[in-house]
Amino acid sequence: MQLPSNIATRHLTAPEGLTEAAQTLAKGGLVAFPTETVYGLGADATDGEAVARIYAAKGRPSFNPLIAHVADLAAAESEGIFNAQARALAQAFWPGPLTLVVPVAPTGSVSTLARAGLDSIGLRVPDHPVALALLKAVGKPVAAPSANRSGRVSPTRADHVAGDLDGRMEAILDGGATQVGVESTIVACLDGEPRILRPGGVTRQAIEAVLGRALPVEEASGAVIAPGMLQSHYAPHSAVMLEAGKGAADAAILDFHRQLAGEPCMMRVDLSEGGDLLEAAARLFDALRQLDASGAARILVASVPKEGLGEAINDRLARAAAPRDL
Ligand code: TXA
Ligand code: MG
């Protein structure tokens, strides 16, 4: 397989394109596919060369560990060691937007590169019929980071993926717009207390309810625990300013619940006019891309409540606004 540049990318549609997508993965190719959170750029996780091609295609500066996607808990348990808490979370939220970081199992088949050399592994069973059908057809774990160029906004539609990665992957499997819109919540179940490494599609409250206790809030600006927690990560080209109270004629507005409805602007997108956080999460990355494409120098963002899915939304917005020093 050549390095991923100037590859003729095949545009497939699910379900017709599933078999070809699975065959492409089995041959060491890269296939972007939908999950319920965002589109992933997949490769056979057991094939180190295929995994290396993911990093090259994304232009990732370093080898961050990748999530291995599997079809069910049984497949996950042959890759990782699940303690009682990990199993309880898997049973409660899989398939779904939860990634569990657990110790690697002796029977694990995922390449060291996909784990970035760690002795832990991130595992997830996605809740999307196309992703699950693809995983069953491949019959192996599929490593997949979000299908965007490194440092860019995650893709929630096939055309977002094409815009970033056309010519850098063998195929893209179109399954429509994703439902959840923000990435999975990452919970580490290693020694000691479980820790939330990244807020995401499953809320803190839901996780705490299953575990029967409150979990500490990690400082996003502190030491990098999940390398994807690097501060500037979900970055549009335009400067992003949070908690904006008013508009400006030369700015774009990312609104929530019509807070900035009457304000001057070049373009305004409301994540949810009715103030629904689920709708807001699903629309977040597409809205950032739209406003970025408007050419406005600044994107002014209304405040979004911090509870429930608002934690993940605010986390992504803070990263989009972080200084670009990567
Ligand atoms: O919703 C999602 O999680 C999407 C879809 C495609 O599944 N995937 C995704 O992947 O967001 P990515 O690569 O953009 O983010 C994966 C995160 C990174 O922050 C990485 O550092 C962390 O997972 N991660 C993976 N394995 C880990 C491990 N063993 N220890 C700590 N962090 C890990
Ligand atoms: Mg990502």
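Calculation notes
- Think of each chain on its own: its residues are numbered from 1, step by step along the sequence as written.
- Labels follow written order: the first chain is A, the first ligand is 1, and so on.
- The predicted origin of the model limits local features to residues at a pLDDT of at least 70 and limits the giving and counting of side-chain atom pairs to 80 or more, whereas totals for whole chains, interfaces and linings rest on all residues.
- Each side-chain value is worked out from all heavy atoms of the structure, with water and hydrogens disregarded.
- Secondary structure counts use DSSP, requiring at least four H or I residues in a row for a helix and at least two E residues in a row for a strand, with both numbered from the N terminus.
- Radius of gyration: over C-alpha atoms. The globule rule applied is 2.2 Å multiplied by the number of residues raised to the 0.38 power.
- Classification of residues uses two cut-offs on accessible area relative to the type maximum, computed with a 1.4 Å probe and protein chains only: under 20% is buried, over 50% is exposed, and between them is partly exposed.
- Residue contacts follow a heavy-atom distance rule, with two residues in contact if any of their heavy atoms lie within 4.5 Å.
- Reported accessibility uses the Shrake-Rupley method at a 1.4 Å probe radius. Residues are deemed covered only where the shown protein chains occlude them.
- Take a side-chain nitrogen of Lys or Arg and a carboxyl oxygen of Asp or Glu: if they are within 4 Å of each other, that pair is a salt bridge.
- Ring pairs are drawn from Phe, Tyr and Trp, using the six-membered ring of Trp, whenever the two centres fall within 6.5 Å, and their geometry is named by plane angle: stacked under 30 degrees, edge-to-face over 60, tilted for the rest.
- Here a strand pair is declared whenever DSSP counts at least two bridges between the two strands.
- Lines fitted to C-alpha atoms define the axes, with helix axes restricted to the stretch in contact, and inter-axis angles between N-to-C directions lie between 0 and 180 degrees.
- The split into domains, and so the bounds of each, comes from an automatic or database assignment of domains.
- Note on terms: buried area is the combined drop in 1.4 Å-probe accessible area of two parts once they are placed together, counting the loss on both.
- Three residue categories are used. Nonpolar comprises Ala, Val, Leu, Ile, Met, Phe, Trp, Tyr, Cys and Pro, charged comprises Asp, Glu, Lys and Arg, and polar comprises the others, including Gly.

Right, let's get into the overall build of the protein chain. Tallying secondary structure elements over the protein chain gives 9 helices and 14 strands in all. Compactness check: the protein chain gives a C-alpha radius of gyration of 19 Å against a globular reference of 20 Å for 326 residues, within 12% of the reference. With respect to the three principal axes, the spread of C-alpha positions in the protein chain is 60 × 50 × 35 Å. Per-residue burial over the protein chain gives 56% buried out of 326 residues. Once local pairs closer than 6 in sequence are excluded, the contacts in the protein chain between residues at least 24 apart make up 68%. Surface exposure of the protein chain reaches about 12,900 Å², of which carbon and sulfur atoms provide 54%.

Once that is clear, we can look at the pattern of salt bridges. Scanning the model with the defined rule gives 20 salt bridges in all. Between arginine 213 and glutamate 193 there is a salt bridge, with its nearest N and O atoms 2.6 Å apart. Here the residue arginine 213 occupies a position in the loop between helix H7 (204-211) and strand S11 (239-241), and glutamate 193 occupies one in the loop between strand S9 (185-188) and strand S10 (195-198), the gap between them amounting to 20 residues. Of the residues examined, glutamate 193 reaches a relative accessible area of 40% and is grouped as partly exposed. Residue glutamate 273 pairs with arginine 258 through a salt bridge whose shortest N-O separation is 3.8 Å. Of the two residues, glutamate 273 is situated in the loop between strand S13 (267-270) and helix H8 (277-293) and arginine 258 in the loop between strand S12 (251-255) and S13; the sequence distance between them amounts to 15 residues. Judged by its relative accessible area of 45%, glutamate 273 falls in the partly exposed class. What makes arginine 258 partly exposed here is its relative accessible area of 43%. What emerges from the salt-bridge pattern is a single network uniting Glu183, Asp315, Arg316 and Arg319.

Another aspect to go through is the packing of aromatic side chains. Two measures describe an aromatic ring pair: the distance that separates the ring centres and the angle between the ring planes. Per the stated rule, a full pass over the model turns up 1 aromatic pair. Ring plane angle 70° and centroid distance 5.9 Å describe the contact between phenylalanine 82 and tryptophan 94, whose orientation is recorded as edge-to-face. A residue pair is termed long-range when its members are at least 10 positions apart, and phenylalanine 82 in the loop between helix H3 (73-77) and helix H4 (84-93) and tryptophan 94 in the loop between H4 and strand S5 (98-103) qualify at 12 residues. By relative accessible area, tryptophan 94 is classed as buried at 11%.

This brings us to the sheet that holds strand S14 (residues 298-301). The 4 strands lie next to each other as S11-S14-S12-S13, forming an open sheet whose pairing is parallel. Edge positions in the open sheet fall to S11 and S13, since each of these has one partner strand only. Neighbour to neighbour, the strand axes of the sheet diverge by 20° on average, direction disregarded. Alignment of S11 against S14, held across 3 bridges, turns out to be parallel. By the bridge assignment for S14, alanine 239 is matched with arginine 298. Strand contacts of H8: S12, S13 and S14, with the helix running at about 180° to S13, the strand carrying the most contacts.

Bringing helix H6 (residues 158-165) into the picture now. The periodicity of an α-helix, 3.6 residues per turn, causes residues three or four places apart in sequence to face the same way. Within H6, 6 of the 8 residues are buried, which leaves the element mostly enclosed by the surrounding structure. Along H6, the residues classified as buried are Ala158, His160, Val161, Ala162, Asp164 and Leu165. Turning to H6, the residues buried within the fold contact strand S1 (10-13), strand S2 (31-33), strand S3 (40-44), helix H2 (48-58), strand S8 (171-174) and H8. Residue glycine 167 follows H6 closely and has a positive phi angle near 85°.

This part is about the sheet that holds S8. The strand order across the open sheet formed by 10 strands is S1-S8-S2-S3-S7-S4-S6-S5-S9-S10, and the pairing between neighbours is mixed. What marks the edges here is a single partner per strand, and that holds for S1 and S10. In the sheet, strand S4 (residues 67-69) pairs with strand S6 (residues 120-124) via 3 bridges, with the strands oriented parallel. Each bridged residue has a counterpart across the sheet, and for histidine 69 the counterpart in S6 is arginine 124. Along the sheet, H4 contacts S5 and S9; its crossing angle with S5, the most-contacted strand, is approximately 155°.

Moving on: the pairing of S6. Counted residue by residue, S6 has 5 buried out of 5 residues, so it is predominantly covered. With burial as the criterion, each face of S6 is covered, one bearing Ser120, Gly122 and Arg124 and the other bearing Ile121 and Leu123. Where S5 and S6 come together, 4 bridges link them in antiparallel fashion. When the bridges of S6 are listed, proline 103 appears paired with serine 120.

Moving on, we come to the domain arrangement of the protein chain. Taken domain by domain, the protein chain consists of domain 1 (10-211) and domain 2 (239-321). Here domain 1 and domain 2 have C-alpha centroids that lie 27 Å from each other. Each side of the interface is counted separately: domain 1 has 23 residues, and domain 2 has 15 residues. Both faces combined, the contact of domain 1 with domain 2 buries some 1,500 Å², and carbon together with sulfur accounts for 53% of it. Together, Val153, Val182 and Pro199 form the three largest contributors to the area buried by domain 1 at its contact with domain 2, with a combined 34%. Salt-bridge contacts for arginine 316 lead to glutamate 183; the nearest nitrogen and oxygen are separated by 2.8 Å. Broken down by secondary-structure element, the contributors of at least two residues to the side of domain 1 that touches domain 2 are H6 and H7. Grouping the amino acids of the side of domain 1 that touches domain 2 by side-chain chemistry returns 6 nonpolar, 11 polar and 6 charged.

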